[in-house]
Amino acid sequence: KAGVTQTPRYLIKTRGQQVTLSCSPISGHRSVSWYQQTPGQGLQFLFEYFSETQRNKGNFPGRFSGRQFSNSRSEMNVSTLELGDSALYLCASSFGGRTYNSPLHFGNGTRLTVT
Amino acid sequence: GNSVTQMEGPVTLSEEAFLTINCTYTATGYPSLFWYVQYPGEGLQLLLKATKADDKGSNKGFEATYRKETTSFHLEKGSVQVSDSAVYFCALSDGDNFNKFYFGSGTKLNVKP
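Throughout what follows, the structure given in this document is the object of discussion.

Cut-offs used in this document
- Residues numbered from 1 in each chain as written.
- Chains lettered and ligands numbered in written order.
- Predicted model: local features only at pLDDT ≥ 70, side-chain atom pairs only at ≥ 80, totals over all residues.
- Heavy atoms only, no water.
- Helix = DSSP H or I, 4+ residues; strand = E, 2+ residues; numbered from the N terminus.
- Rg over C-alpha atoms; globule rule 2.2 N^0.38 Å.
- Contact = heavy atoms within 4.5 Å.
- Areas by Shrake-Rupley, 256 points an atom, 1.4 Å probe, with all protein chains shown as cover.
- Lys, Arg positive; Asp, Glu negative; His and termini not counted.
- Charge placed at Lys NZ, Arg CZ, Asp CG, Glu CD.
- Phe/Tyr/Trp six-rings, centres within 6.5 Å; stacked < 30°, edge-to-face > 60°.
- Buried < 20%, exposed > 50% of the residue type's maximum accessible area, 1.4 Å probe, protein only.
- Pairing = 2+ DSSP bridges.
- Axes fitted to C-alpha atoms, helices over the stretch in contact; angles between N-to-C directions.
- Disulfide = S-S within 2.5 Å.

This part covers the overall build of chain A. Along its length, chain A carries zero helices and 11 strands. Scanning chain A from its N terminus toward the C terminus, one meets helices and strands in the order β-β-β-β-β-β-β-β-β-β-β. Rg of the C-alpha trace for chain A: 13 Å, near the compact-globule value of 13 Å for 115 residues, within the 12% margin. In terms of principal-axis extent, the alpha carbons of chain A reach across some 40 × 25 × 25 Å. Taking as baseline every contact in chain A between residues at least 6 positions apart, the subset at least 24 positions apart corresponds to 55%. Total accessible area computed for chain A in this model is approximately 5400 Å², and 47% of it derives from carbon and sulfur atoms. In chain A, the 12 positive side-chain charges and the 5 negative ones have mean positions that sit 5 Å from each other.

Geometrically, a pair of aromatic rings is defined through the distance of the ring centres and the angle of the planes. Applying the stated criterion to the full structure yields 13 aromatic pairs over all chains. Taken together, a centroid distance of 5.6 Å and an interplanar angle of 85° make the contact between Phe106(A) and Tyr36(B) edge-to-face. Here Phe106(A), found in strand S10 (residues 105-106), pairs with Tyr36(B), found in strand S5 (residues 32-38), and the two come from separate chains. A centroid spacing of 6.3 Å and a plane angle of 25° characterise the contact between Phe101(B) and Phe103(B), whose relative ring orientation is stacked. Residue class for Phe101(B) comes out buried when judged on its relative accessible area of 2%. Three or more aromatic residues joined by ring pairs form one cluster here, namely Tyr35(A), Phe45(A), Phe106(A), Phe34(B), Tyr36(B), Phe101(B) and Phe103(B).

A separate point is the sheet that holds strand S1 (residues 5-7) of chain A. Backbone hydrogen bonds are what pair the strands of a sheet, in a parallel or an antiparallel way. Residues and elements named next belong to chain A. The antiparallel open sheet is built from four strands, whose spatial order is S1-S3-S8-S7. Where the open sheet ends on each side, the last strands, each with one partner, are S1 and strand S7 (64-68). Across the sheet, the axes of successive neighbouring strands diverge by a mean angle of 20°, strand direction being ignored. Inspection of the sheet shows S1 paired to strand S3 (residues 19-24) by three bridges, in the antiparallel sense. Along S3, the bridge assignment pairs threonine 7 with serine 22.

This model, assessed by the stated rule, comprises two disulfides over all chains. Between the sulfur atoms of Cys23(A) and its disulfide mate Cys91(A) the distance is 1.8 Å. Handedness of the Cys23(A)-Cys91(A) disulfide follows from its S-S torsion of about -60°: it is left-handed. Separated by 68 residues along the polypeptide, Cys23(A) in strand S3 and Cys91(A) in strand S9 (residues 87-94) bring together distant segments of the chain. Residue Cys23(A) shares its accessibility class with Cys91(A), and that shared class is buried. Here Cys23(B) engages in a disulfide with Cys90(B); their sulfurs sit 1.9 Å apart. Judged by the sign of its S-S torsion, about -65°, the bond between Cys23(B) and Cys90(B) is left-handed. With Cys23(B) in strand S4 (residues 23-26) and Cys90(B) in strand S10 (residues 86-93), this pair connects stretches of sequence that are 67 residues apart. The pair formed by Cys23(B) and Cys90(B) is uniform in burial state, with each residue classed as buried.

As a further point, take the environment of Pro61(A). By the element assignment, Pro61(A) lies in the loop between strand S6 (53-57) and S7. Residues Pro61(A) and His29(A) lie 32 residues apart in sequence; the distance between their C-alpha atoms is 27 Å.

So this is what it looks like as structure tokens:
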């Protein structure tokens, strides 16, 4: 069974640009979550989608947005990039639904560098 | 609110030493608890989980017991190997908020031969 796939693995962007990251969840998983990982802040929750609806949102500015498609694939967009957006962005999928003890399965992440 | 606190690293041990990584949590409701491991250049992998008080999760020689009375979920392994060198994250999932997970800051483990 294929795992969570994130593309691209690496991105280098300039301040002010925008970027789109993609995530394909494990087959059968309907929930997709996004996390930002930095050395200083650790893992911070961005948002979670289930059946194309955003169910949870973390404390990030509106420049960070996402969406989920009918096949459960998800994209995350960051507009007007800032140097502080440099981070590893992790996508995680799970069955979702009311089974809150369903673990997250993570992809290998997209490393975004903003110069 | 919900939060997870785990011991600061790095933790440096010799091969075959006993490992404990402390994790305590604050939660409303009845969370499930998890340990994840991250190897360099990779995402997080689920190591073990426990869904209710007194449950013990175990995998690959690692164990952790869900202690409601002390709000703890400490990770232990009797004999570590060099290949266990990684960053370990304690996490809880909010039973009232579906898939919202809260992660600790991570503890880096270095095992020397």
